[in-house]
Amino acid sequence: QVQLVESGGGLVQAGGSLRLSCAASGRTPSNYAVGWFRQAPGKERVIVAAVSGNGGSTYYVDAVKGRFSISRDNAKNTVYLQMNSMQAEDTAVYYCAAKWTYYGRISSVDKYDYWGQGTQVTVSS
């Protein structure tokens, strides 16, 4: 069982930056990958970035490559999403989610069974 709590959302101007945090409660952080997802109004929830259990592998959707960076600090049991050069299109509720590493590809949305409550990110243009 893994419990997740997001923080760091808010209002930012276009071109600005935010850093989201995802605090996890699992006993062994390296046993699960963590993904960041987002859901804009009227749209489906999509994966934005993901990081493997040991932090050695990352994934980014094309829309955020070069602007967003995912990292994790397993000593703090926390995963971060650094968002730079933000655009109005980044406005959404952001969720972090976890899946056990034995489920394979971190970019696959399957088996992300543990979810946080979400945090709102709004980018003003």
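All figures in this text were calculated on a predicted structure; none of them were measured in a lab.

1. Some words on the state of the cysteines
Here comes step 1: Under the counting rule described, the total for this entry stands at 1 disulfide.
Here comes step 2: With a sulfur-sulfur separation of 2.1 Å, Cys 22 is cross-linked through a disulfide to Cys 96. Looking along the S-S bond of the Cys 22-Cys 96 disulfide, the torsion reads about 70°, which is the right-handed sense. With a gap of 74 residues between them, Cys 22 in strand 3 (residues 18-24) and Cys 96 in strand 9 (residues 92-100) connect regions that are remote in the sequence. Note on accessibility: Cys 22 and Cys 96 belong to one class, buried.

2. What about the side chain of Thr 119?
Here comes step 1: Structurally, the position occupied by Thr 119 is in strand 11 (residues 119-124).
Here comes step 2: At 3.3 Å, the side chain of Thr 119 forms a polar contact with the backbone nitrogen of Gly 9.
Here comes step 3: Setting aside anything within four residues of it in sequence, one finds Thr 119 in contact with Glu 6, Gly 9, Leu 20, Ala 92, Val 93 and Tyr 94.

Calculation criteria
- Residues numbered from 1 in each chain as written.
- Predicted model: local features only at pLDDT ≥ 70, side-chain atom pairs only at ≥ 80, totals over all residues.
- Heavy atoms only, no water.
- Disulfide = S-S within 2.5 Å.
- Helix = DSSP H or I, 4+ residues; strand = E, 2+ residues; numbered from the N terminus.
- Buried < 20%, exposed > 50% of the residue type's maximum accessible area, 1.4 Å probe, protein only.
- Polar contact = N/O pair within 3.5 Å; in protein donor to acceptor, adjacent residues only side chain to side chain.
- Contact = heavy atoms within 4.5 Å.

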